[in-house]
Amino acid sequence: MGPPSSSGFYVSRAVAVLLAGLAAALLLALAVLAALYGQCARDPSSEMQHRGGPGAAPVQPRKQKEQPPTPKPGPARKPAVAATPSDWRPPGPWDQLRLPPWLVPLHYELELWPRLQPDQLSAPALRFTGRVNITVHCIVSTARLLLHSLLLDCDSAEVRGPLSPVTGDATIGRVPVNDVWFALDMEYMVLELGEALQPGSRYKLQLSFSGPVYQDTWEGLFLNLYTDQGERRALLASHMEPTFARYVFPCFDEPALKATFSITIIHHSSYVALSNMPRLGQSEKEDVNGSKWTVTTFYTTPLMPTYLVAFAICDCDHVNRTERGQEISIWARKDAIANGYADFALNITGPIFSFLEDLFNISYPLPKTDIIALPTFDKRAMENWGLLMFDESLLLLQPEDQLTEKKTVISSIVSHEIGHQWFGNMVTMAWWNNLWLNEGFASYFEFEIINHFNPKFPRNEVFFTNILYGVLKEDHALVFRAVSMKAENFTETGEINEIFDLFTYNKGASMARMLSSFLSESLFISALKSYLKIFSFSNAEQDDLWRHFQMAIDDQGKILLPATVKSIMDSWTHQSGFPVITLNVSTGVMKQEPFYLGKVKNQTLLTHNDTWIVPILWIKNGTTQSLVWLDNSSKVFPEMQVSDSEHDWVILNLNMTGYYRVNYDKLGWKKLNQQLEKDPKAIPVIHRLQLIDDAFSLSKNNYIEIETALDLTKYLAEEDEIIVWHAVLLNLVTRDLISNVNNYDIYPLLKKYLLKRLMSIWNTYSTIIRENVATLQDDYLALMSLEELFRTACWLGLEDCLQLSRELFRNWVTHPENEIPYPIRNVILCYGIALGNEKEWDFLLSIYNNKTKEEERMQLAYAMGCSKDPWILNRYMEYAIATSPFTFNETNIIQVVAESEVGRYIAKDFLVNNWQAVSERYGAQSLVTLIDIIGRTISTDSQIMEMQQFCSNVLEEHQRLSIHAKLQTIKQENLEKKKRNARITAWLRENT
Ligand SMILES: [Zn+2]
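Residues numbered from 1 in each chain as written. Predicted model: local features only at pLDDT ≥ 70, side-chain atom pairs only at ≥ 80, totals over all residues. Heavy atoms only, no water.

1. A look at the sheet that holds strand β25 (residues 589-594)
- With mixed pairing, the four strands of this open sheet are ordered in space as β30-β25-β24-β32. Strand pairing shows two members of the sheet lacking a second neighbour, β30 (634-636) and β32 (661-664), which therefore form its edges. Within the sheet, the average angular offset between the axes of one strand and its neighbour, ignoring direction, is 20°.
- Here strand β24 (residues 579-584) runs beside β25; their pairing, made up of six bridges, is antiparallel. Among the inter-strand pairings, V580 is bridged to a residue of β25, identified as E593. (Pairing = 2+ DSSP bridges. Helix = DSSP H or I, 4+ residues; strand = E, 2+ residues; numbered from the N terminus. Axes fitted to C-alpha atoms, helices over the stretch in contact; angles between N-to-C directions.)

2. Let's talk about the sheet that holds strand β3 (residues 142-148)
- Pairing in this open sheet of three strands is antiparallel, and the strands run β3-β7-β6 from one edge to the other. Because the sheet does not close on itself, it has two edges, and the strands there are β3 and β6 (177-183). Averaged over neighbouring strand pairs, the angle between their axes works out to 25° when direction is ignored.
- The pairing of β3 with strand β7 (residues 188-197) spans six bridges and is antiparallel. Residue pairing across strands places R144 opposite E192, the latter belonging to β7.

3. Observations regarding the side chain of E241
- Within the secondary structure, E241 is located in the loop between β11 (231-239) and β12 (260-267).
- Summary of buried charges: E241 has no salt-bridge partner, and the nearest side chain of opposite charge, K379, is 9.0 Å away.
- Only 3.3 Å separates the side chain of E241 from the backbone nitrogen of M1, close enough to count as a polar contact.
- Those residues within four positions of E241 in sequence are excluded, and the remaining contacts are M1, Y307, M382, E383, W432, L435, E439 and F500. (Buried < 20%, exposed > 50% of the residue type's maximum accessible area, 1.4 Å probe, protein only. Lys, Arg positive; Asp, Glu negative; His and termini not counted. Salt bridge = Lys/Arg side-chain N within 4 Å of Asp/Glu carboxyl O. Polar contact = N/O pair within 3.5 Å; in protein donor to acceptor, adjacent residues only side chain to side chain. Contact = heavy atoms within 4.5 Å.)

4. Comments concerning the coordination of the zinc ion
- Surrounding the zinc ion are the protein donor atoms M1 (O), H416 (NE2), H420 (NE2) and E439 (OE), at 1.7 to 2.1 Å.
- Bound by four donor atoms, the zinc ion shows angles of 91 to 149° at the metal and therefore irregular coordination geometry.
- Exposure remark for H416: the relative accessible area of 0% places this residue in the buried category. (Donors = N, O, S within 2.8 Å, 3.2 Å for Na, K, Ca; no water. Tetrahedral: all angles 85-135°; square planar, octahedral: opposite > 155°, others 65-115°.)

5. Re helix α9 (residues 521-534)
- With 14 residues, α9 should cover 20 Å at 1.5 Å per step; its first-to-last C-alpha distance of 20 Å lies within 8% of that length.
- Against the buried residues of α9 lie α3 (343-360), β22 (427-429), α5 (436-453), α8 (502-519), β23 (538-540) and α10 (542-554). (Expected span 1.5 Å × (residues − 1).)

6. Comments concerning the environment of E109
- Mapped onto the secondary structure, E109 falls in strand β1 (residues 103-114).
- In terms of polar contacts, E109 uses its side chain to reach the side chain of K204, at 3.5 Å.

7. Brief notes about the state of the cysteines
- By the definition in use, this model includes two disulfides.
- Between the sulfur atoms of C794 and its disulfide partner C801 the distance amounts to 2.1 Å. Looking down the S-S bond of the C794 and C801 bridge, the torsion is -90°, so its handedness is left-handed. There is no split in this pair, since C794 and C801 are both buried.
- A disulfide bridge connects C830 with C866, and the sulfur atoms are separated by 2.0 Å. When the S-S torsion is -105°, as for the bridge of C830 with C866, the disulfide is left-handed. Of this pair, C830 sits in helix α20 (residues 825-834) while C866 sits in the loop between α22 (854-864) and α23 (870-882), and the two are 36 residues apart along the sequence.
- Along the protein chain, the cysteines that take part in disulfide bonds pair up as 1-2, 3-4, counted in sequence order. (Disulfide = S-S within 2.5 Å.)

This is the structure in structure tokens:
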């Protein structure tokens, strides 16, 4: 799947809502089905028609967009079904998460018939019927057959065989099916057979079934409703990863159970049907009402896992081109195709395929690739073999995207998904515990691909900003989330969904990058080539990958490792966290210790006695030195010694390819500081970023003094790289600082200190904004960093920034065609409102009401929270809870106001005085998030008591307890922050 969005996790917010809603329906269905199964097993008919009767589970529509937002739920959980005498089953293989190894699927003949008609665009009633014949090989004799299936009704089930080994003919035998029942917890369909299947024989399971199509939830088969050419339209698509194929057809839904698939889709003649393979043929079919339907069949797929099966039925247009004989088509709304929005993606796709084919020396095995832009797809993107799916915002490039990061985002995600055609589709991880073998490598190759086509792309800086920064912030010794997990630690299906996270993607990509850095790129690629070749159309474990790297190492004599690749890499992938490497430049002693959040003395005794085998690439005075290894808790490196009288400096972790943080002794930091003040450019940009980020993170977590980090900012007047400024501002001018009025003593000092240093970079970029904003077009780092720079400049009260905000805002209000440059639009809108009054606010509200795109509406909703007039903010919250039908749907407005510069106290009072209405509008659960924001200033027990008193009046017992614990934590954190801020203030006083 596509890499996580900045919000992190992939767990669908719809799932829990859906399943909660379905619990009752399922209970009912279960009772009905229990009665029907006998009939199901007895009924030999394989009639494809949907039986509308009692077998059809009455399914409630899933969450609609128009409903008020609900808080993000935890991982998906199955509805608990009480054991009743009629459905009670003894413990058995259906209680296990993994399928028993009795049968191996070889081939699926799958036919699906969703009843989507162009004139019936309402989702709730839409259902599909299906039929699947699965040829299986029996390994262990069994009279009980388990397949995955969830939310499907079984209409008939038969088992034919044993099949003739010569002809594969199924007519010779038939195994009676006595009972069919569903084990809901582990999502199995169980067939109780009248006689045992024989090991070594093949059988054909013939099942017909039906199920619901959902809208606005992207699991299994789902519907997208959208507007094209001025008309409402619908399209149907599928998403199976990781465990949703079982929502669409009964199957052996594990990644190692690869099979071939012959797929047939029955659809309305006005739609086109797409699947993994090219179309084989088309015919016509009549339903019982005499309506005609088109039957599209597709060529048989290569061996692949169920999670890559894909379909789409749509009324889209496409553009196409041929690359090395492979047909590549991009499908999208007709309007988008006509306007050329798909052209950018089309033009990059073919060359990326060719580059990877050449790099790995393995041809892409399918004759075609379709890529479809779905109007809404919350999985972002999915690499289904031969039928890639994207949310259209991540694939289509519009003219107004010229000044956004869109081009790089599209290139990255397209590269990621094409990378999966090798990592994932061709070679699949043996099970989900090693998902990083798919996602880590697909994420790593995004950067290789972009860099290949654009050698000037600042890949190290972008890797740091997009990948490392986020995961290093989350990872630590006690997070208990290793990149590679033990399969036996998974006990519920929901846990599989949870691992599509930062650790799998970002840490996984960092693992690949670190490997490449110490093996050399050529050895890295040649090992991957042999790994991909050997495991093509098959599955691999993490150890298989290590073995191929080891073979590559053993085949040459140049690169020597201190241990096997497996021992080196297991130390990184099997434990959580990362080491802090400390170099004493006076003695040359280097040591490692685990990184803890908020380290306390003797913390290392608590857990984590393990060490890492750490590759240390390093530079001295700007020159790259040879690789050394820290394979112990400490070691001496005389070559790294520097004396106080010399002008030398040393930096460890060249290009930040190692997954660790670096600390130095006092002298080491001092030397670096001196160099920054003398000639910062002698230190490469990526290392200026590294010094800032490592130092602030280490100081925040008690590894070094905050003053050491602050010292590194003294040189900033000379810093002209906006990405380094970005890192400084993220670390120094935090949101807490901005919105805490208790920080009155720090503000004037910070203002004086930063403005003095900021002027040069400000002048550079404000001139570009005023005079030639188009030159920013391909400057990815600037596009990413400008907002933070402008936000800080205005917050610090830089008159030129406020002036520019007034100008740009006024220009836009009077002539809307004078658009505010996208990279700073948030800041300008915010200051336009903050510096304005009711008139400006009402104007923004009128614009808001006319916008339909969620992203634009969110932007305006946040800007309206920037007002400094208490009564305007109060009125804003009144509007949010009072207007009906709800005007503000995108976000919780109380939260927006609470997060603004002056809004916290107003939001708090509003919340207390209007709790009933707020909870009706946003749900009682929203209080938990609100407390997080409002709590940012809590530092005394009486403040806690005040909040608690309010909470105890309005919350349930269990919610009260969690809020209480939260408030205590917040208070503790705030006391820490207060101490830290006092030291920053003292340091600033000394240095301004
Ligand atoms: Zn992916």
